Amino acid sequence: MQTRQVLENILLIGFMGSGKSSVGRRLAISQRRRFIDTDEEIVDTCGLDVCAIFSHGGEEKFRSWESSVLCRLSNQQGMVLSTGGGIVLREENRVLLRKMGIIIWLDAAANILFKRAMRSKERPLLQSERPRERFNSLLDSRRDLYRGLADLYIDSSCLNHKEVMLKIVEGLADWRHKDSSVIH
Ligand code: S3P
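Residues numbered from 1 in each chain as written. Predicted model: local features only at pLDDT ≥ 70, side-chain atom pairs only at ≥ 80, totals over all residues. Heavy atoms only, no water.

Student: What is the right way to look at the overall build of the protein in this model?
Tutor: Scanning the protein for helices and strands turns up seven helices and seven strands. What you see in the protein, going N to C, is helices and strands ordered as β-β-α-β-α-α-β-α-β-α-α-β-α-β. Scaling as 2.2 N^0.38, a compact globule of 184 residues should have a C-alpha radius of gyration of about 16 Å, and the protein matches this with 16 Å. With the C-alpha coordinates of the protein rotated into their principal frame, the extents come out at 50 × 35 × 30 Å. Pairs at least 24 residues apart make up 75% of the contacts formed inside the protein by residues separated by at least 6 positions. With an accessible surface of roughly 9,500 Å², the protein has 49% of that area assigned to carbon and sulfur atoms. Where the 29 positive side-chain charges of the protein centre and where its 24 negative ones centre are 3 Å apart. (Helix = DSSP H or I, 4+ residues; strand = E, 2+ residues; numbered from the N terminus. Rg over C-alpha atoms; globule rule 2.2 N^0.38 Å. Contact = heavy atoms within 4.5 Å. Areas by Shrake-Rupley, 256 points an atom, 1.4 Å probe, with all protein chains shown as cover. Lys, Arg positive; Asp, Glu negative; His and termini not counted. Charge placed at Lys NZ, Arg CZ, Asp CG, Glu CD.)

Structure follows, in structure tokens:
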């Protein structure tokens, strides 16, 4: 059992292409909260885009920025926070996320995630000669981490952004109804 100190934040986790940023923006408007995206915070802090951070400092440098941005955000309340797909990799991040609020895992079928993720050129981890293999191995290595953190799970395979947002609102109401002070 673990007591949540702050329940006001809504945190979106999930793999690339799961719709965290698009859904998060809508959700923030509907819940009258601030929307923050960890990738955008990193880019604003560094003055470099995600691909440039990866190409200058490698993945480790990016992960360090990601952890420091999360740490800075961890004492804020009232946000909808969309996180980068790899934020769950570091244990220190997982500990912070657990303390920050309710965690929603946005997921979809692998084929759908892959198609959506490949639409953007801003995903350096998929800029590989064999993007599908890379994608599969990253997804396999992360699904248990998402599962281990999630309070709510939403499969967005057959849903548009608005429908996902409405599912989250419904899920939040149920979740709060079940237990408003102490969560697993
Ligand atoms: C990453 C996901 C990206 C971004 C970076 C690394 C990952 O964010 O943080 O390219 O490791 O899965 P999105 O999940 O928003 O695409």
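Student: Mind showing me how you'd approach the side chain of Arg-116 here?
Tutor: Summarising the element assignment, Arg-116 is placed in helix H5 (residues 110–117). Although buried, Arg-116 forms no salt bridge, and the nearest oppositely charged side chain, Asp-155, lies 6.9 Å from it. Other than its neighbours up to four places away in sequence, Arg-116 contacts Gly-17, Ser-18, Ala-108, Arg-123, Ser-156, Ser-157 and Leu-159. (Buried < 20%, exposed > 50% of the residue type's maximum accessible area, 1.4 Å probe, protein only. Salt bridge = Lys/Arg side-chain N within 4 Å of Asp/Glu carboxyl O.)

Student: Looking at this model, I keep getting lost on the nonpolar core. Mind explaining?
Tutor: Across soluble globular proteins, nonpolar side chains have a tendency to be buried as a group. In terms of nonpolar packing, the biggest core is built from 33 residues, with Phe-15, Leu-81, Leu-97 and Met-100 touching the most fellow members. At the level of secondary structure, the elements contributing two or more residues to this core comprise strand S2 (9–13), helix H3 (50–73), strand S4 (79–82), helix H4 (91–100), strand S5 (101–107), H5 and helix H6 (131–149). No other element matches H3, which puts seven residues into this core. The residues contacting Phe-15, other than those within four sequence positions of it, are Lys-20, Leu-106, Leu-113, Phe-135, Leu-138, Leu-139, Arg-142 and Tyr-146. By size, the runner-up hydrophobic cluster in this structure holds 16 residues, among which are Val-23, Leu-27, Ile-104 and Leu-106. (Core = buried A, V, L, I, M, F, W, Y, C linked by side-chain atoms within 4.5 Å.)

Student: I would appreciate a short explanation of the packing of aromatic side chains in the present structure.
Tutor: Each pair of aromatic rings is reported with the distance of its centres and the angle of its planes. Within the structure shown, the criterion is met by five aromatic pairs. Between Phe-15 and Phe-135, the aromatic rings sit 5.1 Å apart at their centres with planes inclined by 85 degrees, giving edge-to-face as the arrangement. In this pair, Phe-15 is assigned in the loop between S2 and helix H1 (20–30) and Phe-135 in helix H6, connecting sequence segments 120 residues apart. The same class applies to Phe-15 as to Phe-135, namely buried. A relative accessible area of 0% places Phe-135 in the buried class. Following the ring pairs from residue to residue traces out a cluster consisting of Phe-15, Phe-114 and Phe-135. (Phe/Tyr/Trp six-rings, centres within 6.5 Å; stacked < 30°, edge-to-face > 60°.)

Geometry only, nothing functional implied.
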